[in-house]
Amino acid sequence: MSGAVRKRYGVAITMRDGVTLSADILLPTGDGPFPAVFTMTPYGTEKGDPALETPARRFNAAGLAYVAVDVRGRYDSGGEWYAHPAAEAADGSDVISFIAAEPWSDGRVATTGHSYSGWNQWLIAMERNPHHVAMASSGAPTSLFVDWPNLDGVLSLQPIATWALGMMYARGGDTDDAAPALTWKEALWHLPLSELDTLMAGRRVAFWQDWLAHDHLDDYWRPLHMAGRHQSITLPTFHATGWFDARLKNQVAAYRGVMAGTTRDDHLLVIGPWLHSPVGSAPRFEMRDFGPEGDVDMLGLRAAWLADIMAGEVPPERSGVYYFLQVANEWRHAARWPIPGTMFVTYCLDSGGAANTRHGDGRLQDAPGRGPADHFIYDPADPVPTNWSPTRAEGIIPSEPQDNHAVEERQDVLVYSSTPLADPVEITGPVEAEIYFSTDAPDTDITVKLLDVDEEGTAFQLSYGIARGRFHASYEAPETLEPGRIYRVRVELQPVGNLFRPGHTIRIEVSASNFPFYARNLNTGDNNGTTSAMRRAHIKIEHSHTHPSRIILPVVPNGASRRVTLSAEGGADPS
């Protein structure tokens, strides 16, 4: 081992079907053998690229070899690229076996990665390779159809279309460099959505066509759907995400899934005040400043956790849940998620039948409502505009939070607010709404947002969610809606971690669209991705004793979690 080459670029690894993938291998100093950390990425790896060299240095410093591999069909790897294929499970397992057989390897391989490279680890883990010993995943979907390319079964249009079709222009794609036919701001309005690949990538893209054609959870999606299977994974797992990451709910669900199958303490979840990327770097929003406490050396924490796993013991400070409590701007630690001791408090919707706009009479209260139902018209030709996007959306919609007042002036937005709070209230954990509605359309959507409103009336959006009417019973068997029939939908919003100050109010908005973050429901009952016809939907929101629309919020009592300092060195100390 003393004569081993420390860095090898473009190493060919042959898969079981004969396709060759390209790998870069960077070893620590010393004689070895070494445990390894492996990532499989569609974004390319090459000598001198900080995206390769920086994590390699950090992992190498922790005594871990680092191996980065181009997924098939991207950059220097052979084969044809198809986004999120089931084949990456076998490819990843083959790479792990290759690494374990190398003379410098001690036979133990952990996987690591963010977003796409966080997702494929879950498929790889299902291969049960005996050399696969740990996972470190961040900002990752795990149950395709429900959480990718959709959120709760509804196409997450702006983030997904710009990423997926933009990838065809990135190095490693196979599209000519000719300019797209439209700007993205124009393209997201185009119907049918199935033509976007031709307009924006210059050709038909197989995975885009397949994603849109398969508009419910069917046999195409099931091999990629991890819901209900996380608990079968017995590997130690590291999870990281941010309060403003569109993949937040998915990553937290993965953590809860693996925790459901174990009592071990070798699982860690970290939630910071971050966007989808970069994890560990707090944005400087005009509406909120998270201070220097929001910045954490997440690469260092990941390397330290993996080194502990390889050493055979995880110290208590590297397990459980670390979360950044917004407004208080402090890190907290708890044993599990949801935080033990959390009280799930119900706020019921009520009004005098005129909750439309922020000037209406909608309110949140303890008891089920007594007033008449609220009404609004959803027109797909004039959807509620997305206030801001938690992904890069320059030139399309704002890329940081905005006061929601402009949205709340619309007649198709119902607004329900609590009375001003007398005391501070921490709301941290999963958020769920149950909405009873009826419509005259064969299908429509229900959207819910959670907001923190200050004494001046400024409304800061904390969380959001959507439910598609025809999925009210299941994602597998969509049902056309019957005119006038009252349905119950469960809207699972993104988790939150927020301290509501005295004098602030808790507010929710209910509507039927949030465009272009979500694709529009065209209200016809047909496939919204492959058709263009649309119609208006008259929607009635019920809030009575028999149909008690409500939101359930996780209220964390004092002392349920403890304040800590999450250090740049990857440790945590009580404050």
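Higher on the page you've got the structure.
Note that this is a predicted model, so its numbers are computed, not measured.

Quick look at unusual backbone geometry
Excluding glycine, residues mostly have negative phi values, and the peptide bonds linking residues are mostly trans. In the segment running from glycine 32 into proline 33, the intervening peptide bond is cis, with an omega of 0 degrees. Omega for the peptide link from phenylalanine 515 to proline 516 comes to 15 degrees, which places this bond in the cis form. Examined against the element boundaries, proline 516 turns out to sit in the loop between β21 (505-511) and β22 (537-542). A positive phi angle, close to 55 degrees, is found at tyrosine 75, a residue other than glycine.

Quick look at helix α1 (residues 50-61)
With 12 residues, α1 should cover 16 Å at 1.5 Å per step; its first-to-last C-alpha distance of 16 Å lies within 8% of that length. If you check which residues of α1 are buried, you get Leu52, Glu53, Pro55, Ala56, Phe59 and Asn60. Against β1 (7-14), β2 (20-26), β3 (34-41), β4 (65-70), β5 (105-114) and α9 (298-311) lie the buried residues of α1. Where α1 starts, the residue carrying a side-chain oxygen 2.9 Å from the main-chain nitrogen of alanine 51 turns out to be aspartate 49. Following α1 by one or two positions, glycine 63 adopts a phi angle in the positive range, close to 85 degrees.

A few points about the environment of phenylalanine 500
Checked against the element boundaries, phenylalanine 500 lands in strand β20 (residues 487-500). When near neighbours in sequence (up to four residues on either side) are disregarded, phenylalanine 500 contacts Leu421, Asp423, Pro424, Val425, Ile427, Leu451, Asp452, Leu462, Thr505 and Ile506.

Things to note about the pattern of salt bridges
In this structure the tally under the stated criterion is 32 salt bridges. Here aspartate 94 and arginine 16 are joined by a salt bridge, their closest N and O atoms 2.7 Å apart. Of this pair, aspartate 94 sits in helix α2 (residues 87-101) while arginine 16 sits in the loop between β1 and β2, and the two are 78 residues apart along the sequence. Classification of aspartate 94 by relative accessible area gives buried; the value is 15%. Through salt bridges that share partners, Asp17, Arg72 and Asp91 make up one connected network.

So, the packing of aromatic side chains
Evaluation of the coordinates by the stated rule reveals 29 aromatic pairs. Judged by centre distance (6.1 Å) and plane angle (85 degrees), the ring pair of phenylalanine 290 and phenylalanine 324 falls under edge-to-face. Of this pair, phenylalanine 290 sits in the loop between β10 (267-275) and α9 while phenylalanine 324 sits in strand β11 (residues 320-325), and the two are 34 residues apart along the sequence. Looking at phenylalanine 290, the relative accessible area reads 1%, which means it is buried. Here the aromatic cluster, defined as three or more aromatic residues joined through ring pairs, consists of Trp81, Tyr82, Tyr116, Trp119, Trp148, Trp163, Phe207, Trp208 and Trp211. Just above the ring of phenylalanine 460 sits the side chain of arginine 288; from NZ or CZ to the centre is 4.0 Å.

Considerations on the packing of helix α4 (residues 157-166) against helix α7 (residues 206-213)
Between α4 and α7, the shortest axis-to-axis distance is 10 Å and the interhelical angle comes to 150 degrees. Between α4 and α7, the angle is such that the two are roughly antiparallel. In this structure, α4 contributes Ile160, Ala161, Trp163, Ala164 and Leu165 to the contact, and α7 contributes Phe207, Trp208 and Trp211. Looking at the contact of α4 with α7 residue by residue, the class counts come to eight nonpolar, no polar and no charged.

Things to note about the packing of α2 against helix α3 (residues 116-125)
Helix packing geometry: the angle between the two helix axes and the distance between the axes. The N-to-C vectors of α2 and α3 enclose an angle of 85 degrees; their axes lie 8 Å apart at closest approach. On the basis of their axis angle, the class for α2 and α3 is roughly perpendicular. Here Glu88, Ala89, Gly92, Ser93 and Ile96 of α2 lie close against α3, whose contacting residues are Tyr116, Trp119, Asn120, Leu123 and Ile124. Taken together, the residues of the contact of α2 with α3 break down into six nonpolar, three polar and one charged.

Description of the environment of arginine 58
Inspection of the secondary structure assignment puts arginine 58 in helix α1. Residues arginine 58 and threonine 444 lie 386 residues apart in sequence; the distance between their C-alpha atoms is 49 Å. Setting aside chain neighbours within four positions, we find arginine 58 in contact with Asp297, Leu299, Gly300 and Ala303.

Parameters at a glance
Residues numbered from 1 in each chain as written. Predicted model: local features only at pLDDT ≥ 70, side-chain atom pairs only at ≥ 80, totals over all residues. Heavy atoms only, no water. Helix = DSSP H or I, 4+ residues; strand = E, 2+ residues; numbered from the N terminus. Expected span 1.5 Å × (residues − 1). Buried < 20%, exposed > 50% of the residue type's maximum accessible area, 1.4 Å probe, protein only. Contact = heavy atoms within 4.5 Å. Polar contact = N/O pair within 3.5 Å; in protein donor to acceptor, adjacent residues only side chain to side chain. Salt bridge = Lys/Arg side-chain N within 4 Å of Asp/Glu carboxyl O. Phe/Tyr/Trp six-rings, centres within 6.5 Å; stacked < 30°, edge-to-face > 60°. Lys NZ or Arg CZ within 6 Å of the ring centre and 35° of its normal. Axes fitted to C-alpha atoms, helices over the stretch in contact; angles between N-to-C directions. Parallel < 35°, antiparallel > 145°, perpendicular 65-115°, else oblique. Nonpolar A, V, L, I, M, F, W, Y, C, P; charged D, E, K, R; others polar.

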